[in-house]
Amino acid sequence: QKIDLKGRRILLAEDVTINAEIMIMVLGMRDISVDHAANGRMAVDMYLAKEPGHYDAILMDMRMPVMDGLEATRAIRASGRADADTIPVIALTANAFDEDVQRSLQVGMNAHLSKPVEPEHLYRTLEELIWEAGQDREKTS
């Protein structure tokens, strides 16, 4: 099942500016709007500052200063917000064989993508996870 990504809103947590710029460009090719957080703490704050359902998904770099992707995801999942359980969180990892991948699933991430991210794989992952999140929300409401 797939949904249209046009007009979707993504929160991107990425501390390396060039990586963030590339991701914003790649997402922009599908008319996805992106809010960029430079570390995990900022990502949590930006997520909590918006109303539930504002973001369709979160792309979370695993290794960031101040607060890493695992801690940030844990904080988002534990926030008690209406969308805290259903919002897709996708880990961005430099190493797919990393123990980070296992840990990312334990804290409630939905998927992980290895860097450099392959655009088609990114789009497909977002389409599937945003669609699934919509199904989950319908069940609980």
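Now for a quick tour of the structure. (Residues numbered from 1 in each chain as written. Predicted model: local features only at pLDDT ≥ 70, side-chain atom pairs only at ≥ 80, totals over all residues. Heavy atoms only, no water.)

Here we look at the layout of surface pockets
Move 1: Considering only enclosed or pocket space, the largest pocket measures out at about 170 Å³ in volume.
Move 2: Contributing to the lining of the largest pocket are Glu14, Asn19, Ile22, Met23, Val26, Leu92, Lys115, Pro116, Val117, Glu118, Pro119 and Leu122.
Move 3: Those elements that provide at least two residues to the lining of the largest pocket are α1 (17-28) and α5 (119-140).
Move 4: It is α1 that provides the largest number of residues to the lining of the largest pocket, a total of 4 residues.
Move 5: Its residues assigned to classes, the lining of the largest pocket comprises 8 nonpolar, 1 polar and 3 charged. (1 Å grid on protein atoms, 1.4 Å probe; cavity = no way out; pocket = protein on both sides within 12 Å on 5 of 7 lines; lining within 4 Å. Points joined across faces, edges and corners; volume = space filled by probe spheres on them. Helix = DSSP H or I, 4+ residues; strand = E, 2+ residues; numbered from the N terminus. Nonpolar A, V, L, I, M, F, W, Y, C, P; charged D, E, K, R; others polar.)

Notes on the packing of aromatic side chains
Move 1: Counted under the stated rule, the structure contains 0 aromatic pairs.
Move 2: We note Arg30 situated over the ring of Tyr123; from NZ or CZ to the ring centre the distance is 4.0 Å.
Move 3: In this arrangement the basic side chain of Arg81 is found over the ring face of Tyr47, its NZ or CZ atom lying 4.1 Å from the centre. (Phe/Tyr/Trp six-rings, centres within 6.5 Å; stacked < 30°, edge-to-face > 60°. Lys NZ or Arg CZ within 6 Å of the ring centre and 35° of its normal.)

Things to note about the sheet that holds strand β5 (residues 111-114)
Move 1: With respect to topology, 5 strands assemble into an open sheet ordered β2-β1-β3-β4-β5, the strand pairing being parallel. A single partner strand is all that each edge strand has here, and the edge strands are β2 (33-37) and β5. Averaged over neighbouring strand pairs, the angle between their axes works out to 25° when direction is ignored.
Move 2: With 4 bridges joining them, strand β3 (residues 57-61) and strand β4 (residues 89-93) adopt parallel strand pairing. Note on β4: the bridge partner recorded for Asp61 is Leu92.
Move 3: Sheet strands in contact with helix α2 (residues 40-49) are β1 (9-13), β2 and β3, and its direction is about 130° off that of β2.
Move 4: Along the sheet, helix α3 (residues 69-77) contacts β3 and β4; its crossing angle with β3, the most-contacted strand, is approximately 150°. (Pairing = 2+ DSSP bridges. Axes fitted to C-alpha atoms, helices over the stretch in contact; angles between N-to-C directions. Contact = heavy atoms within 4.5 Å.)

Let's talk about helix α4 (residues 99-106)
Move 1: Within the span of α4, buried status applies to Asp100, Val101 and Ser104. The buried residues of α4 occupy one face: seen down the axis, they fall within an arc of 105°.
Move 2: Contacts from the buried residues of α4 go to α3, β4 and β5.
Move 3: Where α4 ends, the next residue or the one after it, Gly108, has phi of about 105°, a positive value. (Buried < 20%, exposed > 50% of the residue type's maximum accessible area, 1.4 Å probe, protein only. Arc of directions from axis to C-beta.)

Focus on the side chain of Thr86
Move 1: Note on placement: Thr86 falls in the loop between α3 and β4.
Move 2: When neighbours within four sequence positions are excluded, Thr86 is seen to be in contact with Arg77, Ala133, Asp136 and Arg137.

Some words on unusual backbone geometry
Move 1: Here the amide bond leading from Lys115 into Pro116 is cis, since omega sits at -5°, within 30 degrees of zero.
Move 2: By the secondary structure assignment, Pro116 is in the loop between β5 and α5.
Move 3: In this structure, Asp31 is a non-glycine residue whose phi angle is positive, near 60°.
Move 4: Residue position: Asp31 is located in the loop between α1 and β2.
Move 5: For Asp31, a relative accessible area of 42% corresponds to the partly exposed category.

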